Amino acid sequence: LLSACSSGSSGGAFCATTTRGGSAVSGVAQFEDKPYGPNGFLASVIRPVRFAVVELRRSGTTTPVAFTRTDARGNHCFNLSFSNTSRYKVRLDAAAILPGGSVEVNDNLRSATPYCLESSFFSIPAEETYDLGEMVAFEKSKWDPANFFGFSDLGGAFNLLDAATAGIEFVRDFWGGPDLPP
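Residues numbered from 1 in each chain as written. Predicted model: local features only at pLDDT ≥ 70, side-chain atom pairs only at ≥ 80, totals over all residues. Heavy atoms only, no water.

A.B. asks: With reference to specific residues and values, describe the pattern of salt bridges.
C.D. replies: If you walk through the whole model with that rule in mind, you get 8 salt bridges. Residue Asp71 pairs with Arg73 through a salt bridge whose shortest N-O separation is 3.9 Å. Using a relative accessible area of 28% as the deciding quantity, one classes Asp71 as partly exposed. Notably, a salt bridge pairs Glu118 with Lys89, separated by 3.3 Å at the nearest N-O pair. Separated by 29 residues along the polypeptide, Glu118 in strand E13 (residues 116-119) and Lys89 in strand E9 (residues 87-98) bring together distant segments of the chain. (Salt bridge = Lys/Arg side-chain N within 4 Å of Asp/Glu carboxyl O. Buried < 20%, exposed > 50% of the residue type's maximum accessible area, 1.4 Å probe, protein only. Helix = DSSP H or I, 4+ residues; strand = E, 2+ residues; numbered from the N terminus.)

Encoded structure:
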């Protein structure tokens, strides 16, 4: 189960540990897209969150202990050289880094920080892979219980991220190089 920003279900990415005595955490990041057609909104579609920043955070701190990013299918993996009895959570930011550029979708009501999706806390087994499963940013996801409105268009924030990511890819590919034009 996911808390703080949304809810999720089972599933996950393959992630193998690479360091003796270490552990790994894997998962899949997705968002609810609501495509618009000639007669209005169509049925929701679950899509991958591509190239997004993912953080691993230890309980009791807001400082990440590891970073990674999702691939084109939304998979992410932390290969860790440590394992201990601490509890951790994964935070998915509405921020993407890809060849050619980067983009983030900020919540200007909260100090202009990126929208995020956070998992519940979990323990990482020694020398094993913890499968976090699917983290899905739904429309009308729980964002901040202290917020007067209580719910946020979190799926929409990740939809904007995906559209901006696709725009960067289009310009980069049209330009014909690994980076955006000057």
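From this point, things continue past the structure.
A.B. asks: Please set out the packing of aromatic side chains residue by residue, giving values where relevant.
C.D. replies: One pass over the structure, following the stated rule, counts 3 aromatic pairs. Centre to centre, the rings of Tyr36 and Phe41 are 5.0 Å apart; their planes meet at 85 degrees, and the pair counts as edge-to-face. (Phe/Tyr/Trp six-rings, centres within 6.5 Å; stacked < 30°, edge-to-face > 60°.)

A.B. asks: Give a detailed account of the pairing of strand E2 (residues 23-33), specifying residues and quantitative values.
C.D. replies: Burial analysis of E2 places 11 of its 11 residues in the buried class, which makes it a mostly covered element. Side chains Ser23, Val25, Gly27, Ala29, Phe31 and Asp33 of E2 all project onto a buried face; the interleaved residues Ala24, Ser26, Val28, Gln30 and Glu32 project onto the opposite face, where all are buried too. Direction of pairing for E2 relative to strand E15 (residues 129-137): parallel, over a ladder of 7 bridges. Each bridged residue has a counterpart across the sheet, and for Val28 the counterpart in E15 is Glu134. Bridge count for E2 against strand E5 (residues 45-48) is 4 bridges, and the pairing is antiparallel. Within the sheet, the bridge partner assigned to Glu32 lies in E5 and is Ile46. (Pairing = 2+ DSSP bridges.)

A.B. asks: Any details on the nonpolar core? Residues and values, ideally.
C.D. replies: Counting residues in hydrophobic clusters, the biggest one holds 30 residues, and the most contacted among them are Leu56, Val90, Leu92 and Phe158. Looking at this core, the element that brings in the most residues is E9, giving 6 residues. With residues up to four places along the chain from it excluded, the contact list for Leu92 reads Ala29, Val49, Ala52, Val53, Val54, Thr70, Tyr115, Cys116, Leu117, Met135 and Phe158. (Core = buried A, V, L, I, M, F, W, Y, C linked by side-chain atoms within 4.5 Å. Contact = heavy atoms within 4.5 Å.)

A.B. asks: Can you lay out the side chain of Glu169 for me, pointing to particular residues and giving the numbers?
C.D. replies: With respect to the element layout, Glu169 can be found in helix H1 (residues 154-175). Relative accessible area serves as the criterion here: at 16%, Glu169 is assigned to the buried category. A distance of 2.9 Å separates polar atoms of two side chains, one belonging to Glu169 and the other to Arg50. Ignoring anything within four residues of it in the chain, the contact list for Glu169 reads Arg50, Phe51 and Leu98. (Polar contact = N/O pair within 3.5 Å; in protein donor to acceptor, adjacent residues only side chain to side chain.)

A.B. asks: Before we move on, can you summarise unusual backbone geometry with the specific residues and values?
C.D. replies: Here Phe51, not a glycine, exhibits a phi torsion of approximately 60 degrees, which is positive. Residue Phe51 is classed as buried on the basis of its relative accessible area, which comes to 14%.

A.B. asks: Provide a residue-level description of the pairing of strand E7 (residues 64-69), including the pertinent values.
C.D. replies: Taken together, the 5 bridges between strand E6 (residues 52-58) and E7 define a ladder with antiparallel strand orientation. Paired with Glu55 across the strands is Phe67, a residue of E7. Connecting E6 to the antiparallel partner E7 that follows it, the hairpin turn spans 5 residues, and Gly60 within it adopts a positive phi of roughly 90 degrees.

A.B. asks: Tell me about H1, and please be specific about residues and values.
C.D. replies: Its 22 residues place the ends of H1 32 Å apart at the C-alpha level, agreeing with the 32 Å of an ideal helix rising 1.5 Å per residue. Among all positions of H1, only Leu154, Gly155, Gly156, Ala157, Phe158, Leu161, Asp162, Thr165, Ile168, Glu169 and Arg172 are buried. After H1 finishes, the residue Gly176 shows a positive phi value of roughly 85 degrees. (Expected span 1.5 Å × (residues − 1).)

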